[in-house]
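These are the residues of each chain, in order.
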Protein chains: 2
Amino acid sequence: MSNEKLPSRSENFSEWYNQVVQRAELADYAPVRGCMVVRPYGWSIWENIQQALDKRFKATGHVNAAFPLFIPMSFLEKEKEHVEGFSPELAVVTVGGGEKLEEPLVVRPTSETIIGYMYSKWIKSYRDLPVLINQWANVVRWEMRTRLFLRTLEFYWQEGHTAHATAEEAEEETMRMLNVYTDFAENEAAVPVVPGVKSESEKFAGAVRSYTIEAMMGDRRALQSGTSHFLGQNFAKAFDIQFLDWNNELQYAWTTSWGLSTRFVGAIIMTHGDDQGLILPPRLAPIQVVIVPIYKNDDEKARVMETVNRVQSELSAFRVHVDSRTELTPGFKFNDWELRGVPLRIEIGPKDVEKGSVAFARRDIPGREGKSFVSQDGLADSVQKMLDEIQKSLFQRALAFREANTYRPDAYDELKEAVQKGWALAWWCEDADCEAKVKEDTRATTRCIPLEQEGGQGTCVVCGRPAARKVYFARAY
Amino acid sequence: MSNEKLPSRSENFSEWYNQVVQRAELADYAPVRGCMVVRPYGWSIWENIQQALDKRFKATGHVNAAFPLFIPMSFLEKEKEHVEGFSPELAVVTVGGGEKLEEPLVVRPTSETIIGYMYSKWIKSYRDLPVLINQWANVVRWEMRTRLFLRTLEFYWQEGHTAHATAEEAEEETMRMLNVYTDFAENEAAVPVVPGVKSESEKFAGAVRSYTIEAMMGDRRALQSGTSHFLGQNFAKAFDIQFLDWNNELQYAWTTSWGLSTRFVGAIIMTHGDDQGLILPPRLAPIQVVIVPIYKNDDEKARVMETVNRVQSELSAFRVHVDSRTELTPGFKFNDWELRGVPLRIEIGPKDVEKGSVAFARRDIPGREGKSFVSQDGLADSVQKMLDEIQKSLFQRALAFREANTYRPDAYDELKEAVQKGWALAWWCEDADCEAKVKEDTRATTRCIPLEQEGGQGTCVVCGRPAARKVYFARAY
């Protein structure tokens, strides 16, 4: 807890991020390099994300299960692209119960292989399909450069793994879950995203096609915020997931996988905050409303607290916190809750008690402009309206920011300039060489070929050859 | 899915257990020795357990967080008893990102050490206390003899870790959480438990005192079903968790830890089932009511399904499943849902449609006796009453079973006989030698000294010396 000023978000975004995460008590560094502790306030955001997603998963027919943390090293080797993609990042258990293991065990970096193995045991006939399973789990990838929430050795996520009788059904599933992520990101987190398909070089190791939702952070870099993969029959063949079809013939299943992680907490922080700290979208905020009582003496305190307690119980449908700490001034508390990004602050003082009103202070509009006085009558309705308004305004603001920082370069020089300032949406011939050249020259990568194309045809911004689709180039986390 | 007969529960309890777990699709063996896959039906029981506990944790002021999976080996060595207790069971990561690690990392067997380290960073003053944190996590203990749910290399649990300014507060917390477990076990899972304190030799490695809830399984063995530990200042001293007290003097904090795991799913299976399979307590059952439509032809089917659909929507407050599989007979379905332990089956046939009734079949009372015909009017109320009745009756039956199988031996020969048949509640001098002798002679261990004592004083059933309290001796899982 501290009232010291944060670094400026516009001037030193990276340091602003680090300090906000730690000072708002979202997460802390663990004693093991690259690992994090997610503190209660941060974990509570993740719990709200989990609820919002889990509801959507169940509504689309999925069930949860739990697969083991440890995977035999040999499993990863069964899918060639997969092992190439993941082997540099593995944590390996070589000793168990005091003895050296015959076969080393990998701490799961993702679970396609072990789940594929189990599916091959469980799936025998078309009647067993589709299998629609999700798990909430921790996974480990041995990253060298780490950052709280964005890139840590261990992180938390959900990974959906489904198996289907036909390619069409598996492709439908892949798109369904991409839509679930888009809906979640935009309507719960107020984070506008571009859904699209990854290039060949950016796709998941072992997938036929990877889809992604990409979001623009406050420093104009892109963050891959959720992915959905059509795996074709790659893993079904590697793990022998076969079923008897309607004609009693053996077929390989078609599988998908899709995931969204605690990285998304980073997306929320980097999309919304300001120089005062976090701004949390009301739907996911652990505390939606903080009530700060204001008084000078015991007499005032008694009157104010009576109203505060009544208001608190009237607002029981919301996640409300009353800051009744006596050793701190109201001004200190205002700063403290602003740092923590609580969307709405309600101040109640002796004058409010007299007038039957309260003061609202919107977190998304600092200072006088965000203040209003509201009657205590019908307060639950007023709070709901204000939270809806804040939710909407955060989304609109982030969308406007993304649009203002998205360029449409026609020439290579323009592209190079654009990716220093924001995102570039440009024609691309879909050749990996052009993509590699951009990366080398600018460090920007292709983020996705958006599903929604603006139409027409053009020429590749790199090589000038004909191009059927536009792609986003951007520097990314 | 199979309708084959299970082994008899009374004749071969162990094999009955193994088959029920696998055929009811609760869990399966993973390809790594001793690891399990918790399948959707089993995980759904765990999710219901999580909800019931998490609600209670939050109501008692706790918040959730997430601490890392990996713990530096040196941390475990800081608390002498702790490292001795856990070192034979560790899984150790020695390679990360392709390189040998300087310090091996232990996959957490429990998190007192790493959480102690973090608490020492966070706690500075009495104002920071108490810290009341829980985490839902996977942990790993390298067990040699494993069994699905009861003992697996990796298992799932919650572990609460709290820090307090005084010993009294920490002891209160320890008891509060033991009470939460007791309340949960008895009122949600219908599993009667004995809350009590562990003997010195059975306590948690590093604790001052360990409390437990012990439950009697269907084979009369005991299962430790949840534990709550008063850790004194042991971990605070090992990890330097110090705070400035009201007099501005440095003090070590007092800590507790408490946990309940997926083992409890095993407790539910072994407390309630019968020769037909599982019997799940209504409050935790993934499916509380299964509706089986009965018809002979398309005309009947149309009429029956109309009623089935209406009934289903009227029962939307319950977890209802309609078994509309067309390739299976009603008899097959009855067996299938009995195996899976669904507490209440509702059968609807053409006659029921005519009469405006449905047939109830209680899972806890097989055959005709458990059947009744109930009006479709006010069905939701009738279902609620029946589920409450089943919940209560499961608890009463298990309690009666435990009482019928609990003996009160006065002599050592009686004790030796008693622990072959059930539990023995007997006077004990609390000397470890007597406890060790019983274990050697009978394989029975002390389960707990129950908090509720029957009063009086006696002489130790082993050595004849004076004894102030009775203890439960039993063979245990």
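Residues numbered from 1 in each chain as written. Chains lettered and ligands numbered in written order. Predicted model: local features only at pLDDT ≥ 70, side-chain atom pairs only at ≥ 80, totals over all residues.

### Looking at the overall build of chain A
Regarding its fold elements, chain A presents 14 helices and 25 strands. By the compact-globule yardstick of 23 Å for 477 residues, chain A fits well, its C-alpha radius of gyration being 25 Å. C-alpha atoms of chain A, sized along the principal axes, occupy 80 × 60 × 45 Å. Looking at chain A as a whole, 49% of its 477 residues are labelled buried. Long-range pairs, those at least 24 residues apart, make up 68% of the contacts in chain A between residues at least 6 apart in sequence. (Helix = DSSP H or I, 4+ residues; strand = E, 2+ residues; numbered from the N terminus. Rg over C-alpha atoms; globule rule 2.2 N^0.38 Å. Buried ≥ 20, exposed ≤ 12 C-beta atoms within 10 Å, placed from the backbone. Contact = placed C-beta atoms within 7 Å.)

### Observations regarding the domain arrangement of chain A
Residues and elements named next belong to chain A. Under the domain assignment, chain A is made up of domain 1 (13-272), domain 2 (289-402) and domain 3 (407-474). Across the boundary between the two partners, domain 1 contributes 10 residues, which contact 10 residues of domain 2. In the side of domain 1 that touches domain 2, the residues fall into 6 nonpolar, 2 polar and 2 charged. (Domains from an automatic or database assignment. Nonpolar A, V, L, I, M, F, W, Y, C, P; charged D, E, K, R; others polar.)

### A short note on the interface of chain B and chain A
Listed by partner, the interface residues are 40 residues for chain B and 41 residues for chain A. Split by residue class, the side of chain B that touches chain A holds 29 nonpolar, 6 polar and 5 charged.

### Description of the sheet that holds strand β9 (residues 194-197) of chain B
Residues and elements named next belong to chain B. Pairing within the open sheet is mixed, and its 11 strands lie in the order β3-β7-β8-β14-β11-β10-β9-β22-β25-β21-β20. In the strand order of this sheet, the two ends are held by β3 (63-64) and β20 (406-407), each with one partner. Where strand β7 (residues 131-140) lies against strand β8 (residues 154-164), 10 bridges are found, and the strand directions are antiparallel. Bridge pairing in β8 links L132 to T162. Contacting β8, β9, β10 (209-216), β11 (222-232) and β14 (254-261), helix α6 (residues 167-187) crosses the sheet at an angle of about 165° to β11. (Pairing = 2+ DSSP bridges. Axes fitted to C-alpha atoms, helices over the stretch in contact; angles between N-to-C directions.)

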